[in-house]
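Here are the chains, one letter per residue:
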Amino acid sequence: MVTLYKGNFIDTPTSDKFRVRENGVAIVEDGKFLSLETKVPARFSSLPVKDLGGAMVIPSFIDLHVHAPQYLQMGAGLDLGLLDWLAHHTFPGESRFADEDYARKIYPLFAAELLRQGSLRSVVYGTVHLASTLILAQALEKAGLFAFVGKVNMDRNAPDDLKETTKDSFKGSDVFCRRLAGLDRVRPIVTPRFAPSCSQKLMEDLGVLSKRLNLPVQSHLSETLSEAQWVAELFPKSRSYTHFYNDCGLLGPDSLMAHAIYLSDEEIGLIVEREATLVHCPSANVNLSSGIMPLGRYLDRGVKLGLGSDVGAGHTLAMYRAVVQTVQVSKLLRILQPQENHRAVSLSEAFYLATMGNGSFFTRQGWGACGAFEPGMSFDALYIDMGLPEAAEISALTQLERFLYAGDDRHIKARILAGREL
Ligand code: GUN
Ligand code: FE
């Protein structure tokens, strides 16, 4: 089935600049973008044209790192550092998901907020609880969103009510991953929380599981100095934090590692060699005083990068905020470390991360290409209109900049995923 959309299309097929195509007619067939024409082609003249005119149409956002159970916790306790925040706010909040009825109440709210903010694809952490995390997967599926969902693993350094035995933790993930095989839009991802909360045996078993079921992996890496120090003490046999994941078979082209602020040159080299993706979460890094990822340097070294909201250490699910925060913290790093030659990341580079960069993870997992308006890509789009007066003659690109910095979900007028309006 062919659908026609008229509008001002803006995307970043490359990260160096925004591509603006005004007054275009997008030809979309069976959910895929075919081409952008200047007028309705004669062969489609009998079809109605959906008018997304006015301001702009952009690729929908993708959130590559977010914790669904922390949705209600957004903004709470953020004066603490990571490990205290986990102990005093996050773990008690996640414990409540032992109750499936609670999960049934909360997770649909999380899915609705993702949708409202225009994040139509996401990679999501649940909790250690199998039943509740299955409910999370169903909530996302029901909302019509595309997602990877992981049951979290923790067999040590966790409160008693969240701590699993090594055997149960593995078994829970095994069952979870096989159960999700039946869902269409939501798929499983292996999710050891981070090195301190898993024994080496559990980590190695999860590495085997991801290979056996051919599944991607997500975890946290080197978010704070105190955590990195702790990991060095816990796993003295591994050369570094990054090497530890690699030693356990958890670092490869299908691995997402969030934060990665404090990496040695050697670790960066290993990330590049293993083709793993680092997920930048600027909101969380500032909130927990963790540090600033040297994003410009990583980009220039050829590291694969993505962007995440990291709610609830991050305080908003709006990925347009993460785009702006990415630019802002890159400028701060340059100001704070003038001798280090950091470069500021541009708005188009940050937007690219939230669309194309994050999309390449989905593409690699066999969902088909997405992230821009290129022939053959999934037609994932947001129609944005800030209601600016025409008399002001503000260009579509300037309106996009304004939306990213100062807009909000009220300005997202339509959300389309794989050609389907949600
Ligand atoms: N490291 C381990 N768990 C977490 C978490 O839930 N959030 C963040 N930001 N870092 C973590
Ligand atoms: Fe996180």
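In this report, we go over the structure that sits alongside the text. (Residues numbered from 1 in each chain as written. Chains lettered and ligands numbered in written order. Predicted model: local features only at pLDDT ≥ 70, side-chain atom pairs only at ≥ 80, totals over all residues. Heavy atoms only, no water.)

Some details on the state of the cysteines
Basically, it comes down to this: Two cysteine sulfurs form a disulfide in these notes if their separation is within 2.5 Å. We call a residue buried when its accessible area falls under 20% of the maximum for its residue type, exposed when it is over 50%, and partly exposed in between, using a 1.4 Å probe and counting protein chains only.
Taken as a whole and assessed by the stated rule, the structure comprises 0 disulfides. In this structure C198 is not part of a disulfide, and its nearest cysteine sulfur, from C248, lies 9.3 Å away. Residue C198 is classed as buried on the basis of its relative accessible area of 0%. There is no disulfide at C281, and the cysteine sulfur nearest it, in C198, is 18 Å away.

Side note on the pairing of strand β12 (residues 255-259)
Cut-off, in case you're wondering: Strands here mean DSSP runs of E at least two residues long; helices mean DSSP runs of H or I at least four residues long; both are numbered from the N terminus. Paired strands, as defined in this entry, are two strands with at least two bridges between them according to DSSP. A crossover gets the label right-handed when its path from the first strand over the helix to the second runs clockwise, viewed with the strands pointing away from the viewer.
Judged by how many residues are buried, β12 sits mostly within the fold: 5 of 5 residues are covered. The pairing of strand β11 (residues 217-221) with β12 spans 5 bridges and is parallel. Bridge pairing in β12 places V217 opposite S255. When β12 meets strand β13 (residues 277-280), the two strands line up parallel, connected through 3 bridges. Bridge assignment links L256 to a residue of β13, and that residue is T277. A crossover connection joins β12 to the parallel β13 through helix α8 (residues 265-274); in handedness this β-α-β unit is right-handed.

Describing empty space enclosed by the protein
Note the following rule: Cavities and pockets were defined on a 1 Å grid built from protein atoms only: a cavity is a group of points that admits a 1.4 Å probe but offers it no way out, a pocket is an open group of points flanked by protein on both sides within 12 Å along at least five of seven lines, and a lining residue is one with an atom within 4 Å of any such point. Grid points are joined across faces, edges and corners, and a volume is the space filled by probe spheres set on the points. Each residue is assigned to one of three groups, with Ala, Val, Leu, Ile, Met, Phe, Trp, Tyr, Cys and Pro labelled nonpolar, Asp, Glu, Lys and Arg labelled charged, and all others, Gly among them, labelled polar.
One pass over the full model with this rule turns up 1 cavity of 30 Å³ or more. Of the residues forming the lining of the largest cavity, the biggest block, 3 residues, is contributed by helix α1 (residues 82-95). A class-by-class count of the residues in the lining of the largest cavity yields 5 nonpolar, 4 polar and 3 charged.

Some thoughts on the side chain of H67
The line we're drawing: By the criterion applied in these results, polar contacts are pairs of N or O atoms within 3.5 Å in which, for protein atoms, one can donate a hydrogen and the other can accept it, and in which residues neighboring in sequence qualify only through two side-chain atoms. Any two residues whose heavy atoms approach within 4.5 Å at even a single point are treated as in contact.
One can find H67 in strand β5 (residues 61-67). For H67, a relative accessible area of 3% translates into the label buried. Polar contacts involving the side chain of H67 include one to the side chain of D310, which spans 3.3 Å. Excluding residues within four positions of it along the chain, H67 makes contact with Y125, R193, H220, D310 and V311.

Structural notes on the coordination of the iron ion (ligand 2)
Keep this limit in mind: Each metal site lists N, O and S donors within 2.8 Å (3.2 Å for Na, K and Ca). With water left out of the atoms, a site can look as if it is missing ligands. Metal sites are grouped by the angles between bound donors: all angles between 85 and 135 degrees with four donors is tetrahedral, opposite donors over 155 degrees apart with the others between 65 and 115 is square planar for four donors and octahedral for six, and any other pattern is irregular.
In this structure, H65 (NE2), H67 (NE2), H220 (NE2) and D310 (OD) serve as the protein donors to the iron ion (ligand 2), at separations of 2.1 to 2.3 Å. Around the iron ion (ligand 2), the 4 donor atoms are arranged such that angles at the metal cover 90 to 172°; this shape is classified as irregular.

Things to note about the sheet that holds β11
Test applied: Interaxial angle, 0 to 180 degrees, is taken between N-to-C directions of lines fitted to C-alpha atoms, where a helix line uses only the stretch in contact.
As summarised here, the arrangement of the 4 strands in space is β11-β12-β13-β14, forming an open sheet in which the pairing is parallel. Both outer strands of the open sheet, β11 and β14 (304-307), are each paired with one neighbouring strand and no more. Taking each pair of neighbouring strands and ignoring which way they run, the sheet shows an average axis angle of 30°. Taken strand by strand, helix α11 (residues 319-336) contacts β13 and β14, and its axis lies near 125° from that of β14. Each of β12 and β14 touches helix α12 (residues 347-367); the most contacted strand, β14, lies at about 110° to it.

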